[in-house]
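Here are the chains, one letter per residue:
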Amino acid sequence: MSYINDIAQSVTKVREVSPLVHCITNYVTVNDCANAVLAIGASPIMADDIDEVEDITSIASALVINIGTLNRRTIESAIWAGKKANAMNIPVVFDPVGAGASTLRNETTKKMLNEIKVSVIRGNLSEISFIAGLSVSTKGVDSSDADLDKDPVAVADSVAKLYGCTVAITGKDDIVSDGTRCVKLSNGVSMLSKVTGSGCLTSALLGAFIGAAGDGFIASCGAILTTSIAGEQAYERAAAMGTGSFHMALIDYISLMDENTMLKYAKTEVIK
Amino acid sequence: MSYINDIAQSVTKVREVSPLVHCITNYVTVNDCANAVLAIGASPIMADDIDEVEDITSIASALVINIGTLNRRTIESAIWAGKKANAMNIPVVFDPVGAGASTLRNETTKKMLNEIKVSVIRGNLSEISFIAGLSVSTKGVDSSDADLDKDPVAVADSVAKLYGCTVAITGKDDIVSDGTRCVKLSNGVSMLSKVTGSGCLTSALLGAFIGAAGDGFIASCGAILTTSIAGEQAYERAAAMGTGSFHMALIDYISLMDENTMLKYAKTEVIK
Amino acid sequence: MSYINDIAQSVTKVREVSPLVHCITNYVTVNDCANAVLAIGASPIMADDIDEVEDITSIASALVINIGTLNRRTIESAIWAGKKANAMNIPVVFDPVGAGASTLRNETTKKMLNEIKVSVIRGNLSEISFIAGLSVSTKGVDSSDADLDKDPVAVADSVAKLYGCTVAITGKDDIVSDGTRCVKLSNGVSMLSKVTGSGCLTSALLGAFIGAAGDGFIASCGAILTTSIAGEQAYERAAAMGTGSFHMALIDYISLMDENTMLKYAKTEVIK
């Protein structure tokens, strides 16, 4: 049983459907998120005021909540948007940036997961481990070395079952589990951690994929492979120039991503 | 009667005068707006706190209000800034991003136009049609197909007369009308809609042009042609690389824009 | 007595230590700040809510406060973060963007300097002159010509003694003084003022340098030379293409910066 055909076809699906993706996200990487969503053929809308989030979520095909620069105002907006999405069966992607790094992020993460039914949680091993309730040491918003000896498959699986959703842990290898299905994805280059936003834009892309096709597991694989294969291509063309050129090339290759490229380069290993 | 000489000379004027442009704009494309304003030879200042917007508007040559990521706090700030600009005869450019997409955007758009005398409104056909009071179906912040059968000349003309200002509708072709004069501009490439912010940066450029020369009609043409001609040049150099390279090249060609380039490439058709 | 060996070695130190830098900064150039911090080998975290800034500062090696798009909410957060940093002996870098341009910026600048013990103040001559209490005329957030006849060495020296910190004035030449030591740095190109954020990213880099090595004077020189030498290299490769390419190349060369490059290209003149 391999999932690669479904995953690759999901790229075509995004370009055909061109879903509207409502992102409530941080101001650091929001431009990359918008450009990545456009590059994969979908349409982004960023709106975070409590007076309009329900209206905007209503017309969207997916909602992406990213707590990278959370504040009291936008936490409240995100929860309202999430509840509206739940009421309308619009899928919700949750990116718990920096969970484990501050009490506010920890409590917000718990609150989001208690009050909103999410379709996908995407984060690094530190963040997802925090959610798993495992002991966790976090270095800001990047994954800490202390977490690297945890078994990401077990962590992903337990969180997927706990919240009845898909969990995507991105890192050197990426693990995607929905509790039933589980896959390891092995594309990507370490330079992706040398530009800000590769995680955030993957979550935004996830909104595009799940908005077009609905299956959180396949959507997670599609979004992660898009970033990591584009990252490999960007590395080949631009790494010697520096991280600025790599960053630009990453968006380039997302805009060129298609079914055949994904079939050709994807390194996937089915775990279950 | 052609306007092209005045329009082309306005580029030179911006570079000579180097006006300070106060932008109250969204956090998605704000970096592009600032870089575009610098690229055309003007100076941007972003400030959105109610405690300082009047001070900042006072020292600026133009105010640009963009509601792309509006919120209660910045709506209030924008109105104060707008009133200060009116009191001091500083021109105001208004970009009603996503008008039609949420009650908040609709009411804010109406409120802005009621409380502030604007010199130019720039938007896509959906947004300007909303202002015209025509029935409108909006897909997030992008122009929806349902609006494409409306006659943009009639829409621009009616809104220009309604508010006594210049109206610029950007799209495949661009229409600029001040009620008396009207022109169709036909430069640009569809890839401009595949990077976020080409509309926003045109509005920011408009602040630079109107701040330097004062005539909203000529300024609108100058700003739109700058983006669309630079877009064509960027497309030629970078389209095959992808949308990241195109995005960077767009800023490149804005920074290289001059009177002769505009005279050479501008496709304008005088309607009246 | 030359400082160049210590300065050059500080680049290596940053890459070895990889300090976490907490930035409370503006939304215009925040993406460049994050990418510059990553490019020099450190780790950025942006967090500005009052409910978490103390937690985030506690785990950081340096705090950078930049008032480019200040508002009531983030001013308060920055002060709390600064006090926490002081309590824990974490160095604070202060970038008084636009000081002199509005009452809010003036009062916030004074308040920050009264309530927080800062290690480094970095700004242009207008901003630092405002702090020096000299008469000052400011054109938005850029340095005004009227300030250019002030003696930056005297200004830097007086502010350094007044606040017991290092003062870095960036401009055509850059002056760094801690009251005892003073150096003039003469790298850089004028195109750096044609992209937004070269000042902000230097302040963010400064957080990386001071977080790794602790000496505000050496850290200021390291950060400024990184930006200005990378600027020269970017200019050589990309200036003819335009400011978009230059901007990208600037990040490229920051990511390639090392001890030898700095030793080879740095133009420093010891004043005392």
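Residues numbered from 1 in each chain as written. Chains lettered and ligands numbered in written order. Predicted model: local features only at pLDDT ≥ 70, side-chain atom pairs only at ≥ 80, totals over all residues. Heavy atoms only, no water.

Caption draft 1: The arrangement of the overall build of chain A in detail. A tally of regular secondary structure across chain A gives eleven helices and nine strands. In terms of overall dimensions, chain A is globule-like: its C-alpha atoms have a radius of gyration of 17 Å, near the 19 Å expected for 272 residues. Relative to its full complement of 272 residues, chain A shows a buried share of 66%. Long-range pairs, those at least 24 residues apart, make up 72% of the contacts in chain A between residues at least 6 apart in sequence. (Helix = DSSP H or I, 4+ residues; strand = E, 2+ residues; numbered from the N terminus. Rg over C-alpha atoms; globule rule 2.2 N^0.38 Å. Buried < 20%, exposed > 50% of the residue type's maximum accessible area, 1.4 Å probe, protein only. Contact = heavy atoms within 4.5 Å.)

Caption draft 2: Summary view of the pattern of salt bridges. Per the stated rule, a full pass over the model turns up 42 salt bridges over all chains. Arg 105 of chain C is the partner of Glu 52 of chain B in a salt bridge, and the nearest nitrogen-oxygen pair spans 2.8 Å. Taken together, the residues Glu 52 of chain B in the loop between β2 (43–46) and α3 (53–59) and Arg 105 of chain C in helix α5 (residues 103–115) connect one chain to another. By relative accessible area, which is 0% here, Arg 105 of chain C ends up buried. Where salt bridges share partners, they join Asp 48, Asp 49 and Arg 73 of chain A into one cluster. (Salt bridge = Lys/Arg side-chain N within 4 Å of Asp/Glu carboxyl O.)

Caption draft 3: Structural view of the pairing of strand β7 (residues 174–177) of chain A. All names here are of chain A. By the alternation rule, side chains of β7 split into Asp 174 and Val 176 and Ile 175 and Ser 177, which are all buried. For strand β6 (residues 166–169) and β7, the ladder comprises three bridges, and the chain directions are antiparallel. Across the sheet, the residue bridging to Ile 169 is Ile 175, located in β7. Count of turn residues in the β6/β7 antiparallel hairpin: four residues. Sheet topology places β7 next to strand β8 (residues 182–185); four bridges connect them, and they run antiparallel. When the sheet's bridge partners are listed, Asp 174 is paired in β8 with Leu 185. Between β7 and β8, which pair antiparallel one after the other, the connecting turn spans four residues, and Gly 179 there sits at a positive phi close to 90 degrees. (Pairing = 2+ DSSP bridges.)

Caption draft 4: Up close: the relation of the copies chain C and chain B. With an RMSD of 0.0 Å, the operation that places chain C on chain B is a rotation of 120 degrees combined with a shift of 0.0 Å along the axis. Interpreted geometrically, this transformation is the action of a three-fold axis. Taking C-alpha positions as reference, the residue of chain C nearest the rotation axis is Tyr 27 of chain C, located at 3.6 Å. (Least-squares fit on C-alpha atoms with pLDDT ≥ 70 in both.)

Caption draft 5: Fine view of the interface of chain B and chain A. The partner chain A presents 30 residues to the 30 residues of chain B that form the contact. At the boundary of chain B with chain A, total buried surface from both sides reaches about 2400 Å², with 51% on carbon and sulfur atoms. For the pair chain B and chain A, the number of links is two salt bridges. Across the pair Arg 72 of chain B and Asp 51 of chain A runs a salt bridge whose closest N-O atoms are separated by 2.7 Å. In this structure, the connection of chain B to chain A is made through 13 residue pairs in polar contact (both at pLDDT 80 or more). For the side of chain B that touches chain A, the secondary-structure elements that each account for two or more residues are α5 (103–115) and α10 (243–256) of chain B. The element contributing the most residues to the side of chain B that touches chain A is α10 of chain B, with five residues. Class assignment for the residues of the side of chain B that touches chain A results in ten nonpolar, 14 polar and six charged. (Buried area = accessible area lost by both parts, 1.4 Å probe. Polar contact = N/O pair within 3.5 Å; in protein donor to acceptor, adjacent residues only side chain to side chain. Nonpolar A, V, L, I, M, F, W, Y, C, P; charged D, E, K, R; others polar.)

Caption draft 6: Here's a closer look at the interface of chain C and chain B. Tallying the contact residues gives 30 residues for chain C and 30 residues for chain B. Where chain C abuts chain B, roughly 2400 Å² becomes buried across the two surfaces, and 51% of that area is made up of carbon and sulfur atoms. Counting the contacts that link chain C with chain B gives two salt bridges. At the junction of chain C with chain B, the criterion picks out 13 residue pairs in polar contact (both at pLDDT 80 or more). At five residues, the largest contribution of residues to the side of chain C that touches chain B is made by helix α10 (residues 243–256) of chain C. Classifying every residue of the side of chain C that touches chain B gives ten nonpolar, 14 polar and six charged.

Caption draft 7: Focus on the packing of aromatic side chains. Residue and element names in this part refer to chain A. All told, the structure shown has three aromatic pairs over all chains when counted by the stated rule. Note on Tyr 3 and Phe 217: the rings are 5.0 Å apart at their centroids and 80 degrees apart in plane angle, and the pair reads as edge-to-face. Taken together, the positions of Tyr 3 in the segment before α1 (4–17) and Phe 217 in helix α9 (residues 216–238) put the pair 214 residues apart, joining distant regions of the chain. You'll find Tyr 3 and Phe 217 in the same group, each marked buried. (Phe/Tyr/Trp six-rings, centres within 6.5 Å; stacked < 30°, edge-to-face > 60°.)

Caption draft 8: How the structure looks around the nonpolar core. Grouped together as the largest cluster of nonpolar side chains are 180 residues, with contacts concentrated most on Ile 40 of chain A, Ile 40 of chain B together with Ile 40 of chain C. Excluding residues within four positions of it along the chain, Ile 40 of chain C makes contact with Val 11, Val 14, Arg 15, Leu 205, Ala 208, Phe 209, Thr 226, Ile 254 and Met 257 of chain C. (Core = buried A, V, L, I, M, F, W, Y, C linked by side-chain atoms within 4.5 Å.)

Caption draft 9: Structural detail: α10 of chain B. Between its terminal C-alpha atoms α10 of chain B stretches 20 Å, which fits the 20 Å expected from 14 residues at 1.5 Å a residue. Most of α10 of chain B sits out of view: 13 of its 14 residues are buried. (Expected span 1.5 Å × (residues − 1).)

Caption draft 10: Looking closely at the pairing of strand β8 (residues 182–185) of chain C. Bridge count for β8 of chain C against strand β9 (residues 268–270) of chain C is three bridges, and the pairing is antiparallel. Looking at the pairing, Lys 184 of chain C lines up with Glu 269 of chain C of β9 of chain C.

Caption draft 11: Molecular detail of the environment of Gly 222 of chain A. All names here are of chain A. Mapped onto the elements, Gly 222 comes out in helix α9. Residue classification places Gly 222 among the buried positions, given a relative accessible area of 0%. With sequence-adjacent residues up to four places away left out, Gly 222 is seen in contact with Ile 7, Ser 10, Phe 209 and Met 262.

Caption draft 12: How the structure looks around the environment of Asp 51 of chain C. Within the fold, Asp 51 of chain C resides in the loop between β2 (43–46) and α3 (53–59). As for Asp 51 of chain C and Trp 80 of chain C, which are separated by 29 residues in sequence, their C-alpha atoms are 9.8 Å apart. Not counting chain neighbours up to four residues away, the residues in contact with Asp 51 of chain C comprise Arg 72 and Leu 104 of chain A.

Caption draft 13: Summary view of the sheet that holds strand β5 (residues 120–123) of chain A. All names here are of chain A. As summarised here, the arrangement of the nine strands in space is β2-β1-β3-β4-β5-β6-β7-β8-β9, forming an open sheet in which the pairing is mixed. Here the strands that pair on one side only, and so sit at the sheet edges, are β2 (43–46) and β9 (268–270). Geometrically, the sheet is characterised by an average inter-axis angle of 20 degrees between neighbouring strands, direction not taken into account. Relative to the sheet, helix α2 (residues 30–39) contacts β1 (20–24) and β2, its axis offset from that of β2 by approximately 155 degrees. (Axes fitted to C-alpha atoms, helices over the stretch in contact; angles between N-to-C directions.)

Caption draft 14: Quick peek at the sheet that holds strand β4 (residues 92–95) of chain C. All names here are of chain C. Strand order in the open sheet made by the nine strands is β2-β1-β3-β4-β5-β6-β7-β8-β9, with mixed pairing throughout. Two strands in the sheet have a free side with no partner beyond their single neighbour: β2 and β9. The sheet shows a mean angle of 20 degrees between the axes of neighbouring strands, taken without regard to direction. Sitting on the sheet, helix α6 (residues 125–132) touches β5 (120–123) and β6 (166–169), and the angle it makes with β5 is about 130 degrees.

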